[in-house]
2 protein chains.
Amino acid sequence: MPFFCYFREQFYPLDTPILQSNDLGLLRGYGLFDYFRTYNGIPFRFEDYWARFTNSAASLGLEVPLSEVGVRSILQRLYDLSEEREVAYRLLLTGGYAPDGLSVSQPNFIIRTEALPVDNPEGRKKGIKVIPYEYVRDLPYVKSTGYVHLIKMRTELKQESAADLLFYKNGLVSELTRSNIFIVRSGILITPSKDALRGITRKVVMEKAVGRYPVEERDITLAEVLAADEVFTTSTTKWVMPVTMVGDTKIGSGLPGPVTAELLAALENEFVAYGRSEIGSRKSAG
Amino acid sequence: MPFFCYFREQFYPLDTPILQSNDLGLLRGYGLFDYFRTYNGIPFRFEDYWARFTNSAASLGLEVPLSEVGVRSILQRLYDLSEEREVAYRLLLTGGYAPDGLSVSQPNFIIRTEALPVDNPEGRKKGIKVIPYEYVRDLPYVKSTGYVHLIKMRTELKQESAADLLFYKNGLVSELTRSNIFIVRSGILITPSKDALRGITRKVVMEKAVGRYPVEERDITLAEVLAADEVFTTSTTKWVMPVTMVGDTKIGSGLPGPVTAELLAALENEFVAYGRSEIGSRKSAG
């Protein structure tokens, strides 16, 4: 339970005030992050998340002040401090402190352990509802901290009993606010090629589809989504989550479909098996 | 010189770590701010800035935890602590701490005094260069903390010896990254009607124009800007700043024009006179 964060070579309990109020992430929204979790105590696919994180940083012209090896050892220390079996991690990189409120100097890099997100097994069983929302993220390949639209729409989402927004622009869908979208049409898996974050779970699902279903990365219209046999969304926290309502339109039968179920099961198997051999060797070494 | 900030009923030196790392302004860019300064020790047009700030907060569904009167007394205290003749103020409101990294609970409200921004008298004399940049802010009437584009473009701006970006979309200009735009055409002052923050300096300049020049609020194309007699930009820190280059195009003669100069002078007179009677009565009362 004791979750800590790492900042400037120190470890702090999560609720410690650590930041000055002139951080550019705070003053100017100049920040990016990544978010991942452990399975069997091992950060799942950390190499993929790390690659995305460093790419996002490069896009914003920010230098990550630690190496992959350095971060891995901090993750381990945070894990040990937590005394939990599984944790979530958040990496946060900002433009740093700006005495003039604008100029980037030395980036601030924070690494946090957090409790696992609240699971939604009901959603996986029955499917979720999303609302189409005309918007495309400014820098869609950067995991920036810009989530104003999602939070601003929180009341509307609740009123509509919807779980998320589905971004589209000029008739083409891109992604949900924090997850990727796939549609199934005549046994083919299709996901947008453009304007969407390159999700790690998206990547794993595409790996799992090999030998099972053809996968196409291409433009998808909102009309295609509404007419799809199945729709699901993928993310670190949602895994493979069926989407059974888009606005007022029922998708397919209105129930999660067989392709969605098969890919979810394949993903769950991957999680269960993840790092098993590594744990074995670590335990015997310890 | 000792600048302080106010946060949760306490005053802290500006470089005190006061914020936890799960603030939604930081994690999700869910924040808004306002920025103003004193003339003759009095916050200039505070009532206008306060109105805009509370409107921005309402747009993001955030409650401001203090009244105008309460904030005024904090501003006075911060001013006294600074021992400066003139200060700048920044109000910052965020979605607050989110244990789940996403949900708004109690907003965080920070009030900072800061040193006055570095003045640019050279720019006022010779004019500045701006670069057209295809973009329109998501929530243009909200003074949100989203400035990713400006900071991301910092190197390009420097390389081009440009002071700022001029946002345009679908051929229409809206604003600079942190200031409004006016053009002068045949003795008429024109400023965009849409997709631009309602600047307080913009408002004061329009007041000063009354009886001098007709003012039009309407759509302005980028082509009109390039062909204008004069272009200038207005903000709390820039006052009335001539724009003499837009990309590679020289505006008018390439020098600041007479209308720009006249409005700048009128604004400066307003600053010099601001709050004079108030100071007098306060001093005699003290």
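This structure is a prediction, so every number in the text was calculated from the model and none was measured.

**Some remarks on the pairing of strand 8 (residues 164-169) of chain A**
Along a regular strand, successive side chains alternate from one face of the sheet to the other.
Residues and elements named next belong to chain A.
Piece 1. Counting buried positions along strand 8 yields five of six residues, so the element is predominantly enclosed.
Piece 2. Both strand 8 and strand 9 (residues 172-176) contribute to a ladder of four bridges, which runs antiparallel. In the strand pairing of strand 9, Lys169 is matched with Leu172.

**A word on the packing of aromatic side chains**
Residue and element names in this part refer to chain B.
Piece 1. Taken as a whole and assessed by the stated rule, the structure comprises 36 aromatic pairs over all chains.
Piece 2. Judged by centre distance (5.9 Å) and plane angle (65°), the ring pair of Phe33 and Tyr147 falls under edge-to-face. On the criterion of sequence distance, the pair formed by Phe33 in strand 3 (residues 31-39) and Tyr147 in the loop between strand 7 (128-134) and helix 5 (148-152) is long-range, its members being 114 residues apart. Just as Phe33 is buried, Tyr147 falls in that class too.
Piece 3. With a centroid separation of 5.8 Å and 35° between ring planes, the pair formed by Trp50 and Phe53 is classed as tilted. On the criterion of helical spacing, the pair formed by Trp50 and Phe53 is a turn pair, its members being three residues apart in helix 2 (residues 46-59).

**Let's talk about the interface of chain A and chain B**
Piece 1. Opposite the 45 residues of chain A that make contact, chain B presents 45 residues.
Piece 2. The contact between chain A and chain B buries some 3900 Å² in all, and 59% of this surface belongs to carbon and sulfur atoms.
Piece 3. Viewed at the interface, chain B and chain A are joined by zero salt bridges.
Piece 4. Counting the contacts that link chain A with chain B gives 20 residue pairs in polar contact (both at pLDDT 80 or more).
Piece 5. Residue classes in the side of chain A that touches chain B are distributed as 22 nonpolar, 13 polar and 10 charged.

**Some details on the relation of the copies chain A and chain B**
Piece 1. Once turned by 180° and shifted 0.0 Å along the axis, chain A lies on chain B with an RMSD of 0.0 Å. These values place the two chain copies in the arrangement generated by a two-fold rotation axis.
Piece 2. Interface overlap between copies: 100% of the residues of chain A at the interface are likewise at the interface in chain B, consistent with a symmetric, same-surface contact.

**Describing the packing of helix 2 of chain B against helix 7 (residues 200-209) of chain B**
Residues and elements named next belong to chain B.
Piece 1. Where helix 2 contacts helix 7, the two axes come as close as 10 Å, and the packing angle between them is 135°. Viewed along their axes, helix 2 and helix 7 adopt a mutual orientation that is oblique. You can see that helix 2 and helix 7 cross each other, and the crossing is right-handed. Facing helix 2, whose interface residues are Asp48, Tyr49 and Arg52, helix 7 presents Ile200, Thr201 and Lys203.
Piece 2. In terms of residue class, the contact of helix 2 with helix 7 is built from two nonpolar, one polar and three charged.

What counts as what
Residues numbered from 1 in each chain as written. Chains lettered and ligands numbered in written order. Predicted model: local features only at pLDDT ≥ 70, side-chain atom pairs only at ≥ 80, totals over all residues. Heavy atoms only, no water. Buried < 20%, exposed > 50% of the residue type's maximum accessible area, 1.4 Å probe, protein only. Helix = DSSP H or I, 4+ residues; strand = E, 2+ residues; numbered from the N terminus. Pairing = 2+ DSSP bridges. Phe/Tyr/Trp six-rings, centres within 6.5 Å; stacked < 30°, edge-to-face > 60°. Contact = heavy atoms within 4.5 Å. Buried area = accessible area lost by both parts, 1.4 Å probe. Salt bridge = Lys/Arg side-chain N within 4 Å of Asp/Glu carboxyl O. Polar contact = N/O pair within 3.5 Å; in protein donor to acceptor, adjacent residues only side chain to side chain. Nonpolar A, V, L, I, M, F, W, Y, C, P; charged D, E, K, R; others polar. Least-squares fit on C-alpha atoms with pLDDT ≥ 70 in both. Axes fitted to C-alpha atoms, helices over the stretch in contact; angles between N-to-C directions. Parallel < 35°, antiparallel > 145°, perpendicular 65-115°, else oblique. Left-handed = near helix turned anticlockwise from the far one by under 90°.

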